[in-house]
Amino acid sequence: MIFSFKLIITLSFFVIISSVTEVNAQSLTCYQCGYSITSGSYVSVDGKVFHPEHFTCAYCGRSIGNTQYYKDNGNYYHPDHYKQFIAPKCAVCGQPIEGQYVEYEGKIYHKNHYEEQIALLCSFCGLPINGTYSKTFWGESYHDYHEGRVVKCDYCQRYISDEKTAGGIRYDDGRNICGICLTSVINDDNVARHLFEEVKKELRRYGIDIRWDEIGLYLVDRNYLSSLTDENRVIEKQTGFTYHRFETFRGTVRNKKFDIYILKGIPEMEFISTAAHELMHVWMYLNAPYDMDKAISEGSANYASYLVLKNRSLYRAKYLIDNLEKDQDYFYGDGYRRIKRLVRAKRVNGWLNIVTGKERMPTGY
Ligand SMILES: [Zn+2]
Ligand SMILES: [Zn+2]
Ligand SMILES: [Zn+2]
Ligand SMILES: [Zn+2]
Ligand SMILES: [Zn+2]
Ligand SMILES: [Zn+2]
């Protein structure tokens, strides 16, 4: 977002009254009345000359006389008339504005009144924002110039500071997390397993019934997680991975093995969202053709996240849905939006039938 300071080109000048001399008497013609100025004094302004009584205020029509005048838009004014009737007024104090002003959302302000009363204050440094800035989903506004110079929380995008985020920490694997996000992180295997089973139950209500009891669940750090995946997915976005192995004997599948890895120390809502995504992969491995289009499988897995997030009232759930909606990745973002449109048209049931190949994918998705 951008706004700018502007300068009103209104300046006050002093009227210069000169006297007609023998030398220039012949050549002076009043710009207003057209008669030559033959005796006495005259006013010369911007290369034009006037009888003093014909150098008049564009507001009242009377002579400006031997005093100060204001010039605006090619017109001349008595200072009082200019200030009272012509000059733009500050939307805070109502007083006329000369010189520098700020235009913001259709109104104009004295620079100092804008900064004191109207300006956004930067949520990081507390100073008024006079220029480009960014806004977080949570409503904080930040000067653009902090970008890259201050540590951001990987889980909410807030700048980490003692006052605004109750500090934060850096995990050994390089992730930064603020004090706000830290309050709900999942580090405990038992807590993780409990939440995981809850999500599994929740998905069952949508018909995503995972009929496989033994699914390994491991909380791991980012280095471990990235060693499992061969994807080029931006590493910051990867919060989970599903490992699967189908053991075959003489051409038939004898055993299936699933292990889900989820990043340790992510906030509970991220954990729930990730669990839904990975569980959807398990469901697809069990029910869908193996050679599925990746945009459909990742889009569907993200849609499962959406299904468990949309029922949660915490603002963080809305934040994660917003991230899904804005994801620019072809597989994860576009794939998700394609599935969302598909569900709108065919309902959850139609989507699941299409994923499993029971129904054909309609055209246009
Ligand atoms: Zn004249
Ligand atoms: Zn006037
Ligand atoms: Zn003002
Ligand atoms: Zn700032
Ligand atoms: Zn945070
Ligand atoms: Zn996935």
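Before reading further, recall that the structure is shown in the block above.
The paragraphs below set out a description of the structure included in this document. (Residues numbered from 1 in each chain as written. Chains lettered and ligands numbered in written order. Predicted model: local features only at pLDDT ≥ 70, side-chain atom pairs only at ≥ 80, totals over all residues. Heavy atoms only, no water.)

## Focus: the overall build of the protein chain
Counting its secondary structure elements, the protein chain contains ten helices and 18 strands. Computed over its C-alpha atoms, the radius of gyration of the protein chain comes to 35 Å, more than 25% above the 21 Å expected for a compact globule of 365 residues. The C-alpha extent of the protein chain, read off along each of the three principal axes, is 120 × 50 × 35 Å. A buried classification covers 45% of the 365 residues belonging to the protein chain. Looking at the protein chain as shown, the accessible area adds up to about 19,900 Å², and 47% of this sits on carbon and sulfur atoms. Here the protein chain holds 45 positive side-chain charges and 44 negative ones, and the gap between their average locations is 7 Å. (Helix = DSSP H or I, 4+ residues; strand = E, 2+ residues; numbered from the N terminus. Rg over C-alpha atoms; globule rule 2.2 N^0.38 Å. Buried < 20%, exposed > 50% of the residue type's maximum accessible area, 1.4 Å probe, protein only. Areas by Shrake-Rupley, 256 points an atom, 1.4 Å probe, with all protein chains shown as cover. Lys, Arg positive; Asp, Glu negative; His and termini not counted. Charge placed at Lys NZ, Arg CZ, Asp CG, Glu CD.)

## Topic: the nonpolar core
Counting residues in each nonpolar core, the largest one holds 64 residues, and the members touching the most others are F271, M280 and W351. The leading source of residues in this core is helix α7 (residues 268–287), at eleven residues. The residue makeup of this core includes at least three contributed by each of domain 2 (121–181) and domain 3 (185–355). The contacts of W351, once residues within four sequence positions are left out, are I208, M280, S300, Y303, A304, L307, I339, L342, V343 and K346. In terms of nonpolar packing, the next biggest core, distinct from the first, is built from 17 residues, L28, C30, Y70 and Y77 among them. (Core = buried A, V, L, I, M, F, W, Y, C linked by side-chain atoms within 4.5 Å. Domains from an automatic or database assignment. Contact = heavy atoms within 4.5 Å.)

## With respect to helix α1 (residues 79–86)
P79, H81 and Y82 are the residues of α1 that are buried. Looking straight down α1, one finds its buried side chains confined to an arc of 165°; they lie on one side. Among the exposed residues of α1, those pointing more than 90 degrees away from its buried face are D80 and Q84. Each element contacted by the buried residues of α1 is listed here: β6 (68–72) and β7 (75–77). (Arc of directions from axis to C-beta.)

## Overview of the pattern of salt bridges
Tallied over the entire structure, the rule returns 17 salt bridges. The partner of E198 in a salt bridge is K201, and the shortest N-O contact between them spans 3.8 Å. With a gap of three residues between them, E198 and K201 both fall in helix α5 (residues 189–204), about one helical turn apart. Residue class for E198 comes out partly exposed when judged on its relative accessible area of 35%. Judged by relative accessible area, K201 falls into the partly exposed class, the value being 47%. R211 is the partner of D209 in a salt bridge, and the nearest nitrogen-oxygen pair spans 3.2 Å. (Salt bridge = Lys/Arg side-chain N within 4 Å of Asp/Glu carboxyl O.)

## Thoughts on the side chain of T274
Looking at the element boundaries, T274 is found in helix α7. With relative accessibility at 5%, the residue T274 sits in the buried group. With near-sequence residues (within four places) excluded, T274 lies in contact with T239, G240, I262 and I266.

## A few points about the packing of helix α8 (residues 294–309) against helix α9 (residues 315–326)
Running from N to C, α8 and α9 cross one another at 155°; their axes reach a closest spacing of 10 Å. Here α8 lies roughly antiparallel to α9, going by the angle between them. For the pair α8 and α9, the sense of crossing is left-handed. Counting all contacts with α8, which are made through N302, S305, Y306 and L309, the residues of α9 involved are A317, L320, I321 and L324. In terms of residue class, the contact of α8 with α9 is made up of six nonpolar, two polar and no charged. (Axes fitted to C-alpha atoms, helices over the stretch in contact; angles between N-to-C directions. Parallel < 35°, antiparallel > 145°, perpendicular 65-115°, else oblique. Left-handed = near helix turned anticlockwise from the far one by under 90°. Nonpolar A, V, L, I, M, F, W, Y, C, P; charged D, E, K, R; others polar.)

## As for the coordination of the zinc ion (ligand 5)
For the zinc ion (ligand 5), the protein coordination sphere consists of C153 (SG), C156 (SG), C178 (SG) and C181 (SG), at 2.3 Å. Classification of the site at the zinc ion (ligand 5) rests on its four donor atoms, whose angles at the metal span 107 to 113°, yielding the label tetrahedral. Coordination of the zinc ion (ligand 5) draws on donor residues from a single chain, spaced C-x2-C-x21-C-x2-C in sequence. Each member of the pair, C153 as well as C156, carries the same accessibility label: buried. (Donors = N, O, S within 2.8 Å, 3.2 Å for Na, K, Ca; no water. Tetrahedral: all angles 85-135°; square planar, octahedral: opposite > 155°, others 65-115°.)

## Some thoughts on helix α10 (residues 330–355)
Quick reminder: α-helices carry 3.6 residues per turn. Residues three or four places apart thus point the same way. End to end, α10 covers just 18 Å across 26 residues, shorter than the expected 38 Å (1.5 Å per residue, more than 12% under). Where α10 bends most, at K346, the angle is about 115°. Where α10 starts, the residue carrying a side-chain oxygen 2.8 Å from the main-chain nitrogen of F331 turns out to be D329. (Expected span 1.5 Å × (residues − 1). Bend = angle between axes of the 7 residues up to and from the residue. Polar contact = N/O pair within 3.5 Å; in protein donor to acceptor, adjacent residues only side chain to side chain.)

## With respect to the packing of aromatic side chains
Taken as a whole and judged by the stated rule, the model has 27 aromatic pairs. Where F124 meets Y159, the ring centres are 5.7 Å apart and the plane angle is 65°; that geometry is what we call edge-to-face. In this pair, F124 is assigned in the loop between α2 (111–118) and β10 (133–135) and Y159 in the loop between β11 (141–143) and α3 (162–165), connecting sequence segments 35 residues apart. The exposure class of Y159 is buried, given its relative accessible area of 2%. An aromatic cluster is defined as three or more aromatic residues linked by ring pairs; in this entry it consists of Y31, F50, F55, Y69 and Y76. Across from the ring centre of Y31, 4.7 Å away, lies the NZ or CZ of K48, which sits over that ring. Positioned above the aromatic ring of F246 is the side chain of K256, whose terminal nitrogen or guanidinium carbon lies 5.3 Å from the ring centre. (Phe/Tyr/Trp six-rings, centres within 6.5 Å; stacked < 30°, edge-to-face > 60°. Lys NZ or Arg CZ within 6 Å of the ring centre and 35° of its normal.)

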